[in-house]
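Residue-level structure breakdown
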Amino acid sequence: MITPDDLRMLDEWRHDRISETDFTTLHARLEESSELRAELRALATIETGLTALAEPGFPLAFDDSATSKKPLREQLWLPWTTAGLAAALALFFGIKLISPDSTVTNPVASPSYTALLVDEAGAVFARHRDPGEVGFSTGDYELKDGTAHLRYTNGADLVIQGPAKFRIENEKHTLLETGRVRAIVPPPARGFTIETPQLNFEDVGTEFALSVDSSTGESGMQVLDGQVNLRRKGDSSLLHEVFGGEWIRYRDGAGMIKNATALDLSLFPSPGNIGYLRWRQERERILADPNVIAWFPFVRESNQSVLTNAQRRNGIPDGRIAGARWVSGRWPGKESLLFDRETDYAQIEIPGKYSELTVAAWLKVDRYDQEMHAILNSNGSEPGDMHLQLTRHGLPRGGIIGVERPIYEWVGNPVPIAKWTHLVQVISMPERIHHIYVNGDLVTKTALEQQDSVTISPGYCRLGNWLKSADYLHQSNRNFKGRIDELTIWNRALSLSEINDLMERGRPSLLWNRENPPMGGPLPKP
Amino acid sequence: MPVSDDSHEKFIALLTKHERVIRASIAAVIRRSEDVDEIMQNVSLVAWRKFETLTEPEGFGKWACVIARYEILSFQRDKARDRFELDEELIDKITAEAASEVVSTNRRLHLLDHCLKKLPDERRRLVLQAYEPGCKTADLAGKLGKTVDGLYQLLRRIRLELKQCVDRELTTEPREGGAFESA
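This text gives an overview of the structure that appears in the document. (Residues numbered from 1 in each chain as written. Chains lettered and ligands numbered in written order. Predicted model: local features only at pLDDT ≥ 70, side-chain atom pairs only at ≥ 80, totals over all residues. Heavy atoms only, no water.)

Description of the overall build of chain A
In terms of helices and strands, chain A carries 8 helices and 27 strands. Going through the 526 residues of chain A one by one, you find that 55% of them count as buried. Counting only contacts in chain A whose residues sit at least 6 apart along the sequence, the fraction spanning at least 24 positions is 58%. Per element, the accessible surface of chain A, about 22,300 Å² overall, is 50% carbon and sulfur. (Helix = DSSP H or I, 4+ residues; strand = E, 2+ residues; numbered from the N terminus. Buried < 20%, exposed > 50% of the residue type's maximum accessible area, 1.4 Å probe, protein only. Contact = heavy atoms within 4.5 Å. Areas by Shrake-Rupley, 256 points an atom, 1.4 Å probe, with all protein chains shown as cover.)

Concerning the packing of helix α2 (residues 20-32) of chain A against helix α3 (residues 34-54) of chain A
Helices that pack against each other are described as a pair by the angle of their axes relative to one another and the distance between those axes. Residue and element names in this part refer to chain A. Here α2 crosses α3 at 110°, and the two axes come no closer than 5 Å. Considered as vectors, α2 and α3 are oriented roughly perpendicular to each other. When α2 is examined against α3, the residues L26, R29, L30, E31 and E32 are found in contact with a partner set consisting of S34, L36, R37 and L40. Taken together, the residues of the contact of α2 with α3 sort by class into 4 nonpolar, 1 polar and 4 charged. (Axes fitted to C-alpha atoms, helices over the stretch in contact; angles between N-to-C directions. Parallel < 35°, antiparallel > 145°, perpendicular 65-115°, else oblique. Nonpolar A, V, L, I, M, F, W, Y, C, P; charged D, E, K, R; others polar.)

Some details on the side chain of A:D11
With respect to the element layout, A:D11 can be found in helix α1 (residues 4-14). With sequence-adjacent residues up to four places away left out, A:D11 is seen in contact with A:L43, B:Y152, B:R156 and B:R159.

Some remarks on the interface of chain A and chain B
Interface size, as often reported, equals the accessible area lost upon joining of the parts. In this assembly, 68 residues from chain A lie in contact with 57 residues from chain B. When the two sides are added together, the surface that chain A and chain B hide from each other amounts to roughly 5,900 Å², 63% of it contributed by carbon and sulfur. The tally of links from chain A across to chain B stands at 7 salt bridges. Its salt-bridge partner being A:E39, residue B:K163 comes within 2.8 Å of it at the nearest N-O pair. Summed over the shared surface of chain A and chain B, the number is 15 residue pairs in polar contact (both at pLDDT 80 or more). Among the elements of the structure, α1, α2, α3 and α4 (69-75) of chain A are those that each provide at least two residues to the side of chain A that touches chain B. By residue number, the principal contributor to the side of chain A that touches chain B is α3(A), which donates 18 residues. Taken together, the residues of the side of chain A that touches chain B sort by class into 32 nonpolar, 16 polar and 20 charged. (Buried area = accessible area lost by both parts, 1.4 Å probe. Salt bridge = Lys/Arg side-chain N within 4 Å of Asp/Glu carboxyl O. Polar contact = N/O pair within 3.5 Å; in protein donor to acceptor, adjacent residues only side chain to side chain.)

Remarks on the side chain of A:S497
All names here are of chain A. With respect to the secondary-structure elements, S497 resides in helix α8 (residues 496-506). By relative accessible area, which is 17% here, S497 ends up buried. Within the structure, S497 has its side chain in polar contact with the side chain of S495 (distance 3.2 Å). Among residues more than four places away in sequence, those in contact with S497 are D16, R17 and I18.

Comments concerning the state of the cysteines
All names here are of chain B. With the rule as written, the count across this model stands at 1 disulfide over all chains. Between the sulfur of C115 and that of C165 lies a disulfide, 2.0 Å long from S to S. The disulfide joining C115 to C165 has a torsion of about -85° about its S-S bond and is therefore left-handed. Placement of C115 in helix α5 (residues 102-118) and of C165 in helix α8 (residues 148-172) is noted, with a sequence separation of 50 residues between them. The two residues C115 and C165 agree in class, both being buried. (Disulfide = S-S within 2.5 Å.)

Details of the environment of A:N479
All names here are of chain A. With respect to the secondary-structure elements, N479 resides in the loop between β26 (459-463) and β27 (482-490). Along the sequence, N479 and Q389 sit 90 residues apart, while their C-alpha atoms lie 9.6 Å from each other. A polar contact is formed between the side chain of N479 and the backbone oxygen of R341, at a distance of 3.3 Å.

Overview of the pairing of strand β20 (residues 386-391) of chain A
All names here are of chain A. Counting buried residues in β20 gives 6 out of 6 residues, a clear majority hidden from the surface. Burial of the side chains of β20 extends over both faces: M386, L388 and L390 are buried on one face and H387, Q389 and T391 on the other. Bridge count between strand β19 (residues 372-378) and β20: 5 bridges; the pairing is antiparallel. Paired with H373 across the bridge in β20 is L390. Two strands pair when backbone bridges link them, and β20 and strand β21 (residues 396-400) are joined in this way by 5 bridges, in the antiparallel orientation. Residue pairing in the sheet places L388 in a bridge with G398 of β21. Where β20 folds back on β21, the antiparallel hairpin that results is connected by 4 residues, among which G394 adopts a positive phi of roughly 85°. (Pairing = 2+ DSSP bridges.)

Side note on the pattern of salt bridges
Residue and element names in this part refer to chain A. Counted according to the given criterion, the structure contains 48 salt bridges over all chains. Measuring nitrogen to oxygen at the nearest pair gives 2.6 Å for the salt bridge that ties R29 to E32. Here E32 and R29 lie together in helix α2, a separation of 3 residues that amounts to about one turn. Note on E32: relative accessible area 57%, which makes it exposed. We note a salt bridge from E486 to R330, for which the minimum N-O separation is 2.5 Å. Residue E486 is found in strand β27, and its partner R330 is found in the loop between β15 (325-328) and β16 (335-339); the two are separated by 156 residues along the sequence.

Description of the sheet that holds strand β14 (residues 319-322) of chain A
Residue and element names in this part refer to chain A. Here 7 strands make up an open sheet; going across it, the order is β13-β14-β17-β26-β19-β20-β21 and the pairing antiparallel. The open sheet terminates on both sides in strands that have one partner only, identified here as β13 (306-307) and β21. Of the pairings in the sheet, the one linking β14 to strand β17 (residues 345-350) comprises 3 bridges and is antiparallel in character. The partner of I321 across the bridge, within β17, is A346.

Some details on the pairing of strand β5 (residues 173-184) of chain A
All names here are of chain A. Note: strand β4 (residues 157-170) against β5, 10 bridges, orientation antiparallel. For N170, the partnering residue across the bridge sits in β5 and is H173. Hairpin connection of β4 to β5: 2 residues between the antiparallel strands. Where β5 meets strand β7 (residues 199-212), 6 bridges bridge the pair, whose relative direction is antiparallel. Across the sheet, the residue bridging to R180 is S211, located in β7.

What to know about helix α4 (residues 88-99) of chain B
Residues and elements named next belong to chain B. Spanning 12 residues, α4 covers 16 Å between terminal C-alpha atoms, matching the ideal 16 Å at 1.5 Å per step. Those residues of α4 lying buried are L90, I91, I94, T95, A98 and A99. Seen end-on, α4 carries its buried residues on one side only, within an arc spanning 165°. (Expected span 1.5 Å × (residues − 1). Arc of directions from axis to C-beta.)

Section: the packing of aromatic side chains
In total, this model carries 16 aromatic pairs over all chains according to the counting rule given. Between A:Y276 and A:W279 the ring centres are 6.0 Å apart and the planes differ by 15°, which places this aromatic pair in the stacked class. You can see A:Y276 and its partner A:W279 sitting in helix α6 (residues 271-281), 3 residues apart, about one turn around the helix. Each member of the pair A:Y276 and A:W279 is classed as buried. Aromatic rings pair up to connect B:F11, B:W48, B:F51, B:F60 and B:W63 into one cluster. Looking at A:R280, its charged tip hangs above the ring of A:Y276, at a distance of 5.3 Å from the centre. Lying over the aromatic face of A:Y408, A:R405 brings its terminal NZ or CZ to 3.9 Å of the ring centre. (Phe/Tyr/Trp six-rings, centres within 6.5 Å; stacked < 30°, edge-to-face > 60°. Lys NZ or Arg CZ within 6 Å of the ring centre and 35° of its normal.)

Written out as structure tokens, the structure reads:
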């Protein structure tokens with residue numbers, strides 16, 4: 001019998017998204033199940049057919065002029081091809097200016113969004129929304145769970161906490177049937193109104209929290225900054241003006257409730273809170289991964305010199321912070337370590353010997369002002385010791401002491417300054433590779449020579465610095481200048497799709513662009 | 001079968017008729033489209049060289065799928081292994097089974113047109129766009145205002161819908177007399 005998990009793994013394998021564990025399971029299932037093998041062939045047949053049908057000029061078997069392919073392609077999308085949500089947003093705010101033909105009516109191609117999802121944490125919408133869909137047209141929506149941050153075309157931000165039901169009427173008017181929202185309204189969106197079953201809440205700048213209780217129907221609103229006008233539904237007459245720091249509660253029949261309590265603002269996340277919420281939800285998943293041997297989430301403990309390893313089962317101890325200071329990380333509430341002085345570092349220990357290892361870090365570079373900047377370097381220079389560092393150009397370098405590199409080249413863009421960046425080093429001795437990825441793109445490509453006598457054994461390492469052994473005392477310092485706010489280590493080589501998945505899950509916001517600028521000149525040789 | 005202008009034409013006609021079926025049997029075990037293209041090219045060359053040994057043109061599909069089976073194994077041996085590759089034994093099993101179901105694969109390909117037509121316009125356009133040559137998921141996701149993961153999930157659902165539709169049609173359509181799996 002074929003299970004939904006079988007189907008998922010089958011499709012993920014075909015599209016290079018499968019994890020190593022799942023692949024092993026799938027392989028065993030395919031060996032034992034002729035039904036699953038038939039399913040695989042059927043799926044391959046569908047995709048072969050789709051590839052043929054999508055070939056330019058391939059005549060579709062059905063004669064339907066309304067859906068014939070040439071006109072379709074000509075109709076599809078405006079000429080904006082930049083990947084990522086940042087591009088979608090650019091289009092979103094610029095579409096009215098650049099749309100060449102307002103008569104194009106393709107439901108896929110010409111979105112008339114009123115709002116876009118710019119971030120979310122565990123957001124689950126009711127039917128009619130596909131996973132990952134970010135555009136919101138006018139209409140009814142239900143956020144069943146999680147938090148969603150919408151940005152309207154006029155710039156107003158609405159952070160909605162599920163469960164909530166709402167209807168987007170237009171860019172200035174949204175109906176909140178039930179749920180909790182926080183609205184941040186910039187000057188161009190002045191007049192942005194949220195309608196509840198009883199009242200209209202009209203923002204005249206700049207931030208307020210609003211809730212509608214699903215059982216009692218009671219509305220509660222608190223102005224965080226600026227002013228909100230309460231207007232009666234129907235004739236829009238002004239009922240009340242509420243100013244920063246004030247709140248009201250209103251119930252049908254009872255009207256404005258006297259001596260009402262303030263809203264619990266911790267239940268109304270701000271836009272900056274969402275990424276942090278999303279990241280915190282990842283905790284269980286990371287800790288459940290049997291191949292994660294260490295996860296340093298960079299949480300400040302009461303003893304501020306401890307860098308906690310949250311993955312306790314592998315005997316990798318907590319790190320010890322020397323000099324580096326606790327500062328803010330990717331999101332408000334998230335902490336990071338700032339490395340700046342020559343003496344700043346955090347000492348960690350990765351005991352054991354490994355044939356494969358992956359090291360992933362989120363970091364933000366402040367400056368490059370020396371030949372090399374160590375991210376995670378083993379102390380000393382014994383065979384098997386590991387280095388991960390950035391050059392003065394921001395290009396990643398890494399190596400295992402005692403292993404030659406017949407191929408060693410840079411093939412991508414450097415780590416930029418002042419941008420949160422995902423850096424991943426993947427080493428596999430059996431496959432003889434040592435690659436470094438920046439925001440999911442291969443930047444440092446290395447082939448290792450066959451070397452059976454050396455295994456990866458990082459041992460004692462410095463994060464953000466390098467403790468030189470006697471042989472290297474003549475070399476200059478390699479202290480890193482910037483912030484690091486997460487470090488994860490696996491005892492296997494992650495695949496590219498896993499690296500991309502990891503990056504997506506930890507991205508600073510949906511507006512964050514993974515693309516990095518190229519170097520000003522040709523790429524140097526390592 | 002003698003190699004002549006006439007046989008050349010016959011070969012081209014048979015190869016054209018069965019190309020998608022052969023490709024489907026390769027694609028069941030080879031994931032990269034470039035690799036499928038390369039193996040398909042090898043299959044065409046070997047099939048042409050051996051064409052004179054084929055006695056029954058009706059059996060061209062199965063015959064070519066058997067050639068594909070050996071070409072896949074040979075290709076895999078020459079190529080550096082990637083960690084998510086099926087092992088030889090499993091490839092052999094899957095491709096042997098594929099060679100014995102050429103007729104139903106052909107039916108599936110034919111029914112796909114029909115099932116594609118039944119999809120809502122928006123989904124049909126999307127899936128065709130996604131399978132256009134050179135289409136990159138990240139670019140398409142950006143164009144559609146979706147995340148890469150979101151687009152992948154959506155396409156997966158569409159593939160599943162199409163596959164289920166084809167399965168349904170296969171069980172309900174009248175069987176043609178004389179159809180046999182060795183065609």
